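Spelled out, the chains give:
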Amino acid sequence: MILSLAWKNIWRSKRRSFVVMSAVAIGVWSIIFMVSFYNSMIGAISRNSLQHDYSHIQIHHEGYLSEPGLGFQVKKPSMLMKFPSQIPDIEAVSSRLIVNGMVASPKTNLGIQVYAIDPADERAVTALSGFLTAGDYFTNIKRNPILLSQKLAEKLKVKVRSKVVITVQDLEANIRAGAFRVSGIFHSKSPRINNGVIYVRHEDLSKLINLPDTAFNEFAYLLKDNESLIETKQMMEAKTNNLVRTYREIAPEFDMIEEGSAISKQVITVIVMLALLFGIINTMLMAVLERTKEIGMLRAIGMFKSKIFFMIVLETFMISWVAAPMGLMAGFLTNLYFEKMGGLDLSQYAGALEQYGGDAIFYPEIAQSTYLLLMLVVMMTALIGAIYPAIKAVNLKPLEAIRKL
Amino acid sequence: MKVIELKNLSKIYNPETIPVRAINDVTLSVEEGEFTAIVGPSGCGKTTLLNMIGGLDISSEGSVDIGGVSINEMSESELTTFRLQHIGFVFQAYNLIPVLTAKENIEFIMVLQNRDAKTMQERSDDLLDRMGIKDQRDRRPSELSGGQQQRVAVARALASRPKFVLADEPTANLDSGSTEALLDIMAKLNKEEKITFIFSTHDQRVIDRAKRIIKLVDGEIVSDEQP
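Conventions and cut-offs
- Residues numbered from 1 in each chain as written.
- Chains lettered and ligands numbered in written order.
- Predicted model: local features only at pLDDT ≥ 70, side-chain atom pairs only at ≥ 80, totals over all residues.
- Buried ≥ 20, exposed ≤ 12 C-beta atoms within 10 Å, placed from the backbone.
- Helix = DSSP H or I, 4+ residues; strand = E, 2+ residues; numbered from the N terminus.
- Arc of directions from axis to C-beta.
- Contact = placed C-beta atoms within 7 Å.
- Pairing = 2+ DSSP bridges.
- Axes fitted to C-alpha atoms, helices over the stretch in contact; angles between N-to-C directions.
- Left-handed = near helix turned anticlockwise from the far one by under 90°.
- Nonpolar A, V, L, I, M, F, W, Y, C, P; charged D, E, K, R; others polar.
- Parallel < 35°, antiparallel > 145°, perpendicular 65-115°, else oblique.
- Domains from an automatic or database assignment.

Engineer: Lay out helix H1 (residues 2–10) of chain A with the relevant residues and their values.
Structural biologist: All names here are of chain A. Considered for burial, the residues of H1 that qualify are Ala-6, Asn-9 and Ile-10. In a view along the axis of H1, the buried residues occupy a sector of 105°, so they form one face of it. Close packing links the buried residues of H1 with helix H2 (14–54) and helix H13 (305–340).

Engineer: How would you explain the sheet that holds strand E9 (residues 212–217) of chain B if you had to name every residue and give the values?
Structural biologist: Strand pairs in the sheet, formed through backbone hydrogen bonds, run parallel or antiparallel to each other. Residues and elements named next belong to chain B. Strand order across the open sheet formed by 6 strands is E6-E7-E8-E3-E9-E10, with mixed pairing between neighbours. Where the open sheet ends on each side, the last strands, each with one partner, are strand E6 (87–90) and strand E10 (220–225). Strand-to-strand twist in this sheet, taken as the mean axis angle between neighbours without regard to direction, amounts to 20°. Examined bridge by bridge, strand E3 (residues 35–39) and strand E8 (residues 196–200) share 4 bridges and lie parallel to one another.

Engineer: Please provide a residue-by-residue account of the packing of helix H11 (residues 253–290) of chain A against helix H15 (residues 368–394) of chain A, values included.
Structural biologist: Residue and element names in this part refer to chain A. At a minimum axis distance of 8 Å, the contact between H11 and H15 shows a crossing angle of 30°. Where H11 crosses over H15, the handedness of that crossing is right-handed. Across from Thr-269, Met-273, Leu-276, Leu-277, Ile-280, Ile-281, Met-284, Leu-285 and Val-288 in H11, the residues of H15 making contact are Val-377, Thr-381, Ala-382, Ile-384, Gly-385, Ala-386, Tyr-388, Pro-389, Lys-392 and Ala-393. For the contact of H11 with H15, the per-class residue count stands at 15 nonpolar, 3 polar and 1 charged.

Engineer: Requested: an account of the interface of chain A and chain B, with residues and values cited.
Structural biologist: Every contact between the two is made by 16 residues of chain A and, on the other side, 19 residues of chain B. Listed by contribution, the elements that provide at least two residues to the side of chain A that touches chain B are H1, helix H12 (292–301) and helix H16 (398–403) of chain A. Tallied by class, residues from the side of chain A that touches chain B come to 10 nonpolar, 2 polar and 4 charged.

Engineer: How would you explain the environment of A:Leu274 if you had to name every residue and give the values?
Structural biologist: Residue and element names in this part refer to chain A. Topologically, Leu-274 is positioned in helix H11. For Leu-274, a count of 11 C-beta atoms within 10 Å corresponds to the exposed category. Separated by 111 residues in the primary sequence, Leu-274 and Gly-385 place their C-alpha atoms 9.5 Å from one another.

Engineer: Can you lay out the sheet that holds strand E4 (residues 61–66) of chain B for me, pointing to particular residues and giving the numbers?
Structural biologist: Reading across the sheet, the 4 strands line up as E2-E1-E4-E5 (chain B) and stay open at both edges, with antiparallel pairing between neighbours. The two strands at the open ends of the sheet, each matched to only one other strand, are strand E2 (20–31) and strand E5 (69–70) of chain B.

Engineer: Account for the packing of helix H5 (residues 146–159) of chain B against helix H6 (residues 176–193) of chain B, naming residues and giving values.
Structural biologist: Residue and element names in this part refer to chain B. Following both chains from N to C, one finds H5 and H6 inclined at 20°, their axes separated by 9 Å at the closest point. Classified by the interaxial angle, the pair formed by H5 and H6 is roughly parallel. Crossing of H5 against H6: the hand is right-handed. Residues Gly-146, Gly-147, Gln-150, Arg-151 and Val-154 of H5 lie in contact with H6, whose contacting residues are Ser-178, Ala-181, Leu-182, Ile-185 and Met-186. Grouping the constituent residues of the contact of H5 with H6 by class yields 5 nonpolar, 4 polar and 1 charged.

Engineer: Account for the domain arrangement of chain A, with residues named and values stated.
Structural biologist: According to the domain assignment, chain A contains domain 1 (2–50 + 255–403) and domain 2 (62–241). On a C-alpha basis, the centroid separation for the pair domain 1 of chain A and domain 2 of chain A is 50 Å.

Engineer: Tell me what's going on with unusual backbone geometry, and back it up with residues and numbers.
Structural biologist: All names here are of chain A. Its identity is not glycine, yet Ser-55 carries a phi of approximately 70°, on the positive side. With respect to the element layout, Ser-55 can be found in the loop between H2 and strand E1 (57–60). Assessed through the 24 C-beta atoms surrounding it within 10 Å, Ser-55 is described here as buried. Phi at Lys-157 takes a positive value of approximately 60°, unusual for a residue other than glycine. By secondary structure assignment, the location of Lys-157 is in the loop between helix H6 (150–156) and strand E6 (163–169). Take Lys-157: there are 11 C-beta atoms within 10 Å of it, and that puts it in the exposed class.

Below, the structure is given as structure tokens:
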């Protein structure tokens, strides 16, 4: 009957209960939406950097980090090319020769990184060919084709088939320059690539700087999934004496972004829960004060303090039990809606989002466990919120309480 | 058999500053089956005396024995249990739980006593019947008249099978008809089932029906008569 009494007590002031329930439901919904939004944004940034820039694992010569350039080329490149057939979790590999240089157009020149690649291999690892906005993928120009980003093309004021000159240093530090033509213009999802990378064919660059076809200073591997990252890295390390690094080691900002996102989500959750907490305390305190005389009567006729405490806690719990699932359902339905509608279009902020490597379309992403976790957090908040009003209720002196008007 | 025994009972408010003796050296005993009215002018200490008998207030001096057990030294928790098991309360303002029906209000005290469902059902049905409000069993207090609410309150007080019922001005908010009806029921219960009732009242209709009248003036018993 105490259960039934607690439930009936909630509905004494329907409007007040409805307001606090709405606050809980809206709070829960907003957290679901916010977490989904964050996950989507951070997921897109990570995915884009991973798939279109760093790949899962990269191999360099051990000295490459201290002196990036042509001086430290990977050892036994032919063996590194065979890893996809030897290690089952590797999807694809791209061998690269990366060198810093200048690109000059008739209008201006820019400092860039030249990525000398095998077009077929690079397509498999970074899906570069899919980002072309003009021209094609190294096929329309027979001699010295290059791919560059829309951003660089705009800066250089060039278009497809325009001629540019790339200047690099060879192994002996001699300046070498070669004429190239723009084969394609792309728009990558990686800001780093957009801002300063030009792709050329490996054979063209190696000819320009007099290096053999087997000269590479970077191998990038795409894995079938992220789960086997560490295991695959260890297998690679066992097979080569080059430096093997995962994308998290190459770009520690991945961890920073994820940690920052996790902290942001926690902070916002705490703020929302604090707001709910004070709302719950206020509501329950009013409920207790309104029933002072009745609680005094209950104490007088022999209801134990513990049962009164339990009753108040139960009432608070019930409010949350009703409201939290409503908020969770609203959050779930909102996410479902955006999924069905092809995501939330944030194109008006595309510029800002692309600066961070994010997507302009927001696809809600949330783990199922988040719903359960949030339910527990709300229950915990309700429990904390119930304590003060419940203490206030049990501390009422029966005689004084009955005398209250 | 003595149900209540008060010895040299006093209640002093503000003992440190300006002491006020609300009850002054009261000694009395109540036998089982009595129908007693404590009367006197407002402020004479009727309610204070009733509260001390019911263990709701603590005496400054003297002792309160209920059924041979002294309640003076009981802890708060022991007093709660004692009230639950041995004392029935009827309040002037009924003090029913507004969200429960008449039947649920009566059964609530038995829930606190951990009685089984069948016992509760039988007891509440019996009390509703005897109070003449069986038809009102599923109504909430707001749907009942003052007299009906007070009958539910008396049924609630009796539901726990207490040693005695303390009723503080039980007819103060009732009209003549309801008062008479309530007094008839309580007198019948007293006569047929030897239930002990102690009232604090200045309602002449209650005084006229009482078998013993204890008159208080300024916290002291000035007369104790059995008309």
